[in-house]
Amino acid sequence: MNNTRPFSMRDKIGYTLGDLGNCCTEQFRAMYLTVFYTLVLKVNPVHVGILMLITKIWDAINDPIIGALVDSHKDKGKGKFIPWIKMFAFPTAVLCTLGFVNVSNLDYGLRLAYMFITYVVYEIMYTCVNVPFGSLSSVMTDDVNQRTDLSRYRSLGGTIFMTVIVIAGPLILYKDNQPVAENFLIMSGVCAAIGFICLMITSAWCK
């Protein structure tokens with residue numbers, strides 16, 4: 001693997017796609033998972049709020065742990081951060097989709113358990129991708145101007161996704177102002193697949 005080629009537009013595009021890939025799962029969940037829990041799974045909003053609170057507390061513990069593990073990873077010729085992205089991008093995509101499976105036919109306690117498990121495990125997998133991705137720009141170049149370019153290009157990924165999802169989401173997920181359960185699953189699968197592909201391109205293009 002050639003790690004010595006000059007910094008180029010390929011790196012910038014690859015980095016943009018990495019942020020787009022992360023947004024495809026994380027931002028889709030942020031916008032629609034609570035809606036899915038309350039309107040499709042018929043879970044009490046109070047219980048959803050408790051789940052969110054517990055997972056935010058868990059994030060405060062999980063993020064530094066994953067960060068320390070990533071930082072301690074030894075570079076074996078493939079970079080320090082890229083192997084983490086490649087390893088956990090697929091599990092993240094799978095867990096994103098599993099979060100939108102319609103389990104409304106289960107007993108209420110089992111629904112809560114399913115929500116909790118899929119939510120927490122997704123957050124772990126996502127952190128294993130997002131933390132090394134966030135650190136990637138620090139090792140791609142030492143040039144301050146090039147790092148500024150990377151930061152600017154990274155913001156494009158989230159902007160592109162949010163523009164598309166804000167327009168397309170409600171048109172696909174609702175029919176006659178009512179949520180369509182299977183469409184949530186389909187759209188989460190599409191977003192997860194796009195996110196996975198983007199992160200694989202990032203892993204190949206960013207050096």
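Model, not experiment: these values are computed from the prediction.

We now examine the side chain of T202. Positionally, T202 belongs in helix α6 (residues 181-205). The class of T202 is buried, set by a relative accessible area of 0%. Apart from the residues lying within four places of it in its own chain, the contact partners of T202 are G14, L17, G18, I82, F133 and L136.

Now for the packing of helix α3 (residues 82-98) against helix α4 (residues 108-140). Relative to each other, α3 and α4 sit at 150°, their axes nearing to 8 Å. Judged by the angle between their axes, α3 and α4 are roughly antiparallel. You can see that α3 and α4 cross each other, and the crossing is left-handed. Between α3, through I82, W84, I85, F88, A89, P91, T92, L95, C96 and L98, and α4, the contact on the second element is made entirely by Y114, T118, V121, Y122, M125, Y126, C128, V129, P132, F133 and L136.

This part is about the confidence of the model for the chain. With 96% of its residues at a pLDDT of 70 or more, the chain has an overall mean of 89. When mean pLDDT is taken per element in the chain, α3 scores highest with 96 and helix α5 (residues 144-173) scores lowest with 85.

On inspection of all chains with the given rule, the structure shows 10 aromatic pairs. Aromatic pair F28 and Y32: ring centres 5.4 Å apart, planes at 50°, arrangement tilted. Within this pair, F28 and its partner Y32 are both found in helix α1 (residues 9-40), separated by 4 residues, close to a single helical turn. When its relative accessible area of 0% is taken as the criterion, F28 is described as buried. On the numbers, 6.4 Å between centres and 20° between planes, the contact of F100 with F184 is stacked.

Tracing the backbone shows A89 in helix α3. Considering only alpha carbons, one finds A89 and L171, 82 residues apart in sequence, at a separation of 28 Å. Once residues lying within four places of it in the same chain are set aside, the contact partners of A89 are V129, F196, L199 and M200.

Calculation criteria
- Residue positions within a chain follow its written sequence, with the count starting from 1.
- Since the coordinates come from a predicted model, pLDDT governs what is reported: local features require at least 70, and pairs of side-chain atoms require 80 or more to be given and counted, while whole-chain, interface and lining totals use all residues.
- Values shown for side chains rest on all heavy atoms present in the structure; no hydrogens or waters enter the calculation.
- For the purposes of this entry, the term helix denotes a DSSP run of H or I that reaches at least four residues, the term strand denotes a run of E that reaches at least two, and both are numbered from the N terminus.
- The rule is simple: take the accessible area with a 1.4 Å probe, protein chains only, and divide by the maximum for that residue type; under 20% is buried, over 50% is exposed, in between is partly exposed.
- Here a residue-residue contact requires only that any non-hydrogen atoms of the pair lie within 4.5 Å.
- Convention adopted: a line fitted to C-alpha atoms gives each axis, helices being fitted over their contacting stretch, and angles between N-to-C directions are expressed from 0 to 180 degrees.
- Roughly parallel means an angle under 35 degrees; roughly antiparallel means over 145; roughly perpendicular covers 65 to 115; every other angle is labelled oblique.
- Each helix crossing is assigned a hand: it is left-handed if the near helix lies turned anticlockwise from the far helix by less than a right angle, otherwise right-handed if that turn is clockwise.
- Across the chain, each position has a pLDDT score giving the predictor's confidence in that residue, from 0 to 100.
- Working definition: a ring pair exists when centres of Phe, Tyr or Trp rings (six-membered ring for Trp) sit within 6.5 Å. Plane angles under 30 degrees give stacked, over 60 give edge-to-face, the rest tilted.

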